[in-house]
Amino acid sequence: MIFPVTVYGDPVLRRVAEPIKPDYPGFDEFLESFWETMYHADGVGLAAPQVGRSIRLFVVDTSALAKEDPSLKSFRKVFINPEILEYAGDPWVMEEGCLSLPEIRENVSRPDSIRIRYQDENFEPHEDTFTGYPARVIQHEYDHLQGKLFVDYLSPLKRKILRGRLMAITKGKVTPHYQIRVPA
Ligand code: NI
């Protein structure tokens, strides 16, 4: 099942998501549909609030970028109850987009490296360090669990320029190729 994607203006995207336990109802089916939703929308990452669930879960699959960087080919992971323990390394700028902000792409500066504690899809605990592009996607998705969006990093001027387009998204006046859920 493919879920509609929540968009800018939906309060679920501004909430701090709640931890989940292995007995979360319908977990396996949810995760399967969640992956399906991400692939259908051509995302490299997706966080649960983006399908209307305020739970601490996100997925990342960078394999679509393997042409540019072969090391990204097998990076496919589920992050449950994640906690970023440390941000490190020199910040670098990259243009980011977000399925909840269709048609908006802006430069965002983020630290190069993170240390993160999380559980995988079997709720097994891990603590890993990630760098470069995977670390960037993880930071973007992790922000979703904290109620944060990449446009929050932009300058007040830049945000002012974008205001009309952000309002258009909230009103559903955008037509991405995947289904969106417009805020009530
Ligand atoms: Ni996003």
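First, a word on scope: everything that follows refers to the structure included in this document. (Residues numbered from 1 in each chain as written. Predicted model: local features only at pLDDT ≥ 70, side-chain atom pairs only at ≥ 80, totals over all residues. Heavy atoms only, no water.)

Things to note about the pattern of salt bridges
All told, the structure shown has 11 salt bridges when counted by the stated rule. Among the ionic pairs, R105 bridges to E95, the shortest N-O distance being 3.1 Å. Within this pair, whereas R105 is found in the loop between strand 5 (92-96) and strand 6 (106-110), its partner E95 is found in strand 5, the two being separated by 10 residues in sequence. Given a relative accessible area of 49%, R105 falls into the partly exposed group. Classification of E95 as partly exposed rests on a relative accessible area of 40%. A salt bridge links R110 to E96; its shortest N-O distance comes to 2.7 Å. (Salt bridge = Lys/Arg side-chain N within 4 Å of Asp/Glu carboxyl O. Helix = DSSP H or I, 4+ residues; strand = E, 2+ residues; numbered from the N terminus. Buried < 20%, exposed > 50% of the residue type's maximum accessible area, 1.4 Å probe, protein only.)

Observations concerning the layout of surface pockets
Approximately 420 Å³ is the volume attributed to the largest pocket. Lining the largest pocket are 22 residues, with V44, G97, C98, L99 and R105 positioned closest to its centre. Breaking the lining of the largest pocket down by element, the ones donating at least two residues are strand 5 and helix 2 (132-145). Considering every element that reaches the lining of the largest pocket, the biggest residue donor is helix 2, with five residues. A per-class count over the lining of the largest pocket returns 10 nonpolar, five polar and seven charged. (1 Å grid on protein atoms, 1.4 Å probe; cavity = no way out; pocket = protein on both sides within 12 Å on 5 of 7 lines; lining within 4 Å. Points joined across faces, edges and corners; volume = space filled by probe spheres on them. Nonpolar A, V, L, I, M, F, W, Y, C, P; charged D, E, K, R; others polar.)

A look at helix 2
The end-to-end C-alpha distance of helix 2, which contains 14 residues, comes to 21 Å, matching closely the 20 Å that a straight helix rising 1.5 Å per residue would cover. Taken across its 14 residues, helix 2 has 14 buried, putting it largely inside the fold. Immediately beyond the C-terminal end of helix 2, within one or two residues, lies G147, with a positive phi of roughly 80 degrees. (Expected span 1.5 Å × (residues − 1).)

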